[in-house]
Each structure stands twice: as C-alpha cells, then as structure tokens.
Amino acid sequence: MSGVIFYREQDADPRVLHEQCVSVIGYGNLGRSMALNLRDSGLPVLVGNIDDTYRRTAADDGFDVLDISDAVEAACLVYMLIPDEAIPGCFSADVRPHLRPGQAVAFASGYPLAFALLDLPRNIDVLLLAPRMLGEEVRRTYQAGEGFFAYVSVEQDTSGRATERLLALAAATGCLRKGAMPLSARQEALLDLLIEQTVGPYLGTAIQLAFFLGVEAGLPSEAMVLEMYMSGEMSRTFQAFAEAGFMQSVGWHGAVAQYGGFVRTLEVDREAMQRMFSSVLEDIRSGGFARRFQEEHDAGYPTLGAINAVKKAGNPMTEAEQRVRAALGG
Ligand code: NDP
C-alpha cells in the first residue's frame, strides 16, 4: 500500500464484496452509521450486538440482529465497532472462537492492534478502516454524498485479496468519496493518542486558565466563553488552518492579533512543552498508556466516573455558557 497518498473511489472494485455478508459488531455511535451506509451501498449487513438498547435500535432500523458469535459465523467480513478497550475481551470470548479461515476482520481504530491486546489467528485477513469523523457525521456525510476522511491499512493478508477487500469496504462506507490515507494501525494509534494527549490538554488548560484569569480581572464570564468558543470565531480559525494553511491563515487576522500572537509565542516555555510531549509519546509507544487504560476498563472505569462527576457538578464556565444560551433564546 506504499506510495499512495489517498485512495479514491476509482481505486476500489465494489464487486469484490458483492453479496458477501458484512457483520457489524456493536451498534453504537459509529456502528449504526457504518451499518446504514454499508446497507445503502448494497451490501448484505448483519448486526451482532449484546442484548441492550442498541440491539433494539438496530432491529427498529430493519437489521437482522444476532448474538455476536452468530454474526461472526455468518459473515465474510466482520467489522468490530465496539469501544476500543472492550474489544480484547469481546474478541477472545465471542469472535476468535467463531472465525473461519479466509474471513476478514476490520477495526475502526488502531488501538487494539497496536499494543498486542489481541491474539489474532494467522489464517484471516486483518484490516484497518479508521474514520477521521464523528459517528453521526459518517452517516450525514454519506447521505450528503460528501464522504469523510479515513486511515486504512492491511495488517495481515492471508487471502492475497486483502487490499481489494479493504478498498471495497472503504468504498461502501463512503469514505473514498473524500479520501482514505494508508496508515498502519500502529501509526494510527500513536497519532490519535498523541494529539489527544498533547494538543488536547494544552488547549483545554489554556482555555480554563484564561477564563478564570479574565473573570478575576473583571471581565464578564459570558464574554469570556463567547470570545474563546461560543462565537464560533475560534472554530473558524481552525477551519482556516485547513482551508488556507496553518501559516497562511495568520493573514486572516489583523496586525494587532498577528503582532501580539507572535511575540507571545516566543515567550512560551517550549522546552517544558517539548519535555511533556516527548514523555507522553514515550508512554504511548511503550504501551504504558494502553496498559493503564485496560486496567481502568477492568476496574469499572473509576477515573471516567470521576470525570463524569466533574462534568455534572456546577462550574462557572458551564454556568456562563447557559446564561449565553438563555440570553440568545436557547
Ligand atoms: P460506542 O460506545 O458508541 O459503541 C458501543 C457499542 O458497543 C454498543 O452497541 C455497546 O453496547 C457495545 N459494547 C460495549 N461494550 C461491549 C462489550 N464489552 N461487548 C460487546 N459489546 C459491547 O463506540 P463507538 O462507536 O464510539 O466506537 C466504536 C469503534 O469505532 C471504536 O474502535 C472507536 O475507536 C471507533 N471510532 C469511533 C468514532 C466515533 O465517532 N464514535 C470515530 C472513529 C472511530 P453497550 O453500551 O450496551 O455495552
């Protein structure tokens, strides 16, 4: 798959999966969108799900829904769409024992493949088709005819047709209308986790620190949240990175913003940031982060429980957002 920057629709032969049953395992955020897209593209789709509300939603959407093990047995291609950290347990209990030689299993994230969390049989194809889009948007952009970006790779090719199968699957999800970039599961996992754990925390911390500093200095809290994200100016700035280019979009701002932003960027403690980013990368690479996150899952998500409690508790930023929404009529 080397040398290609993006696969597009003309690179796929949809006949490769003609009348081949795809079993979507997990009918959550991404599972529902993918199942609907694949069915609308003409593929026979089954849903494999545990007995829960998602299972009823899938049945209401007109799918035949089976237990996961039965859906695996019935499929030519299995698309694993349950949460990353739940995949190892589900795979060893309900998927692996029911796989046949020659089947293909696809994943929507490199995480379970990158950190040796799965015992993969040698006689199946293993594929990665990881959308770079939120679950609901995967459906909306399919219906709008736009598609979405994705990363794709063949992690194991025993059939000799794994790339053709991957591209036919990608075409049926709709992502080739936009473009699918070859990236190994290991690279996809490192990339995803690195950005989530470096850019994400710095942006979040900067927004919170600026909010409390501004409010302490007498600025209205409603104006602070409006300035930083509710007006849409900041998200437009990110959009400008994509449309005009990261450096070129600087020109979209006035001289005051350009001058102020430039001189303050020079004052940032880059060495401290660099140290933190490097140690985060090392922790991800070594598998340390994945090991701790699997422990978090096995222990019933104690840290995610604490995060949820913080989200629900009253917070000056949340209250300011509510006042802005109320003032604008909801
Ligand atoms: P969801 O949390 O929305 O999906 C959950 C589905 O998996 C539900 O049907 C859920 O049932 C089921 N499930 C959860 N735990 C288990 C388990 N132990 N055994 C069997 N079924 C289980 O997940 P997402 O759609 O967010 O993510 C699915 C995959 O797609 C992941 O690999 C993720 O990284 C990837 N992805 C997701 C994107 C997104 O926008 N959501 C974007 C790109 C990739 P229940 O809740 O009842 O347990």
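Residues numbered from 1 in each chain as written. Predicted model: local features only at pLDDT ≥ 70, side-chain atom pairs only at ≥ 80, totals over all residues. Heavy atoms only, no water.

J.: Would you mind going over the overall build of the protein with me for this structure?
T.: Scanning the protein from N- to C-terminus turns up 16 helices and eight strands. The principal-axis extent of the C-alpha atoms belonging to the protein is close to 65 × 45 × 45 Å. Every one of the 330 residues in the protein was classed for burial, and the buried ones make up 39%. Taking the contacts inside the protein whose residues are at least 6 apart along the sequence as the reference set, 67% of them involve residues at least 24 apart. Per element, the accessible surface of the protein, about 17,900 Å² overall, is 56% carbon and sulfur. Side chains of the protein give 28 positive and 42 negative charges; the mean places of these two sets differ by 2 Å. (Helix = DSSP H or I, 4+ residues; strand = E, 2+ residues; numbered from the N terminus. Buried < 20%, exposed > 50% of the residue type's maximum accessible area, 1.4 Å probe, protein only. Contact = heavy atoms within 4.5 Å. Areas by Shrake-Rupley, 256 points an atom, 1.4 Å probe, with all protein chains shown as cover. Lys, Arg positive; Asp, Glu negative; His and termini not counted. Charge placed at Lys NZ, Arg CZ, Asp CG, Glu CD.)

J.: Mind showing me how you'd approach the site of the ligand here?
T.: Around the ligand sit 21 residues, and of these Asn29, Leu30, Asp52, Asp84 and Gly135 come closest. Between the ligand and Asp84 there is a distance of 2.5 Å, counted from an oxygen atom to a side-chain nitrogen or oxygen. At 2.8 Å from an oxygen atom of the ligand is found a main-chain nitrogen or oxygen belonging to Gly135. Summarising the interface, the protein chains cover 73% of the accessible area of the ligand, which totals 890 Å² for the free molecule. The pocket occupied by the ligand, as judged from atoms lying within 2 Å of grid points, is the second largest pocket. Looking at the shell around the ligand residue by residue, the classes come out as 13 nonpolar, six polar and two charged. (Near = heavy atom within 4 Å. Polar contact = N/O pair within 3.5 Å; in protein donor to acceptor, adjacent residues only side chain to side chain. 1 Å grid on protein atoms, 1.4 Å probe; cavity = no way out; pocket = protein on both sides within 12 Å on 5 of 7 lines; lining within 4 Å. Sits in = over half its atoms within 2 Å of the grid points. Nonpolar A, V, L, I, M, F, W, Y, C, P; charged D, E, K, R; others polar.)

J.: For this particular structure, what's the right way to read the nonpolar core?
T.: Here is a general trend for soluble globular proteins: nonpolar side chains tend to be buried in one another's company. In this structure, Leu38, Phe63, Leu77, Leu129, Cys175 and Leu176 are the most contacted members of the largest nonpolar core, which totals 41 residues. Residues within four places of Leu38 in sequence aside, it is in contact with Val22, Val24, Leu43, Val45, Leu169, Ala172 and Thr173. In this structure, Ile87, Phe91, Val105 and Leu118 belong to the second largest nonpolar core, which totals 22 residues. (Core = buried A, V, L, I, M, F, W, Y, C linked by side-chain atoms within 4.5 Å.)

J.: What should I look at first to understand the pattern of salt bridges in this one?
T.: Close approach of charged atoms allows side chains of opposite charge to pair. Under the definition given, this model contains 16 salt bridges. Between Glu267 and Arg264 there is a salt bridge; the shortest N-O distance is 3.0 Å. In this pair, Glu267 and Arg264 are both assigned in helix α12 (residues 255-267), three residues apart and thus about one turn of the helix distant. Of the two residues, Glu267 and Arg264, both sit in the exposed class. (Salt bridge = Lys/Arg side-chain N within 4 Å of Asp/Glu carboxyl O.)

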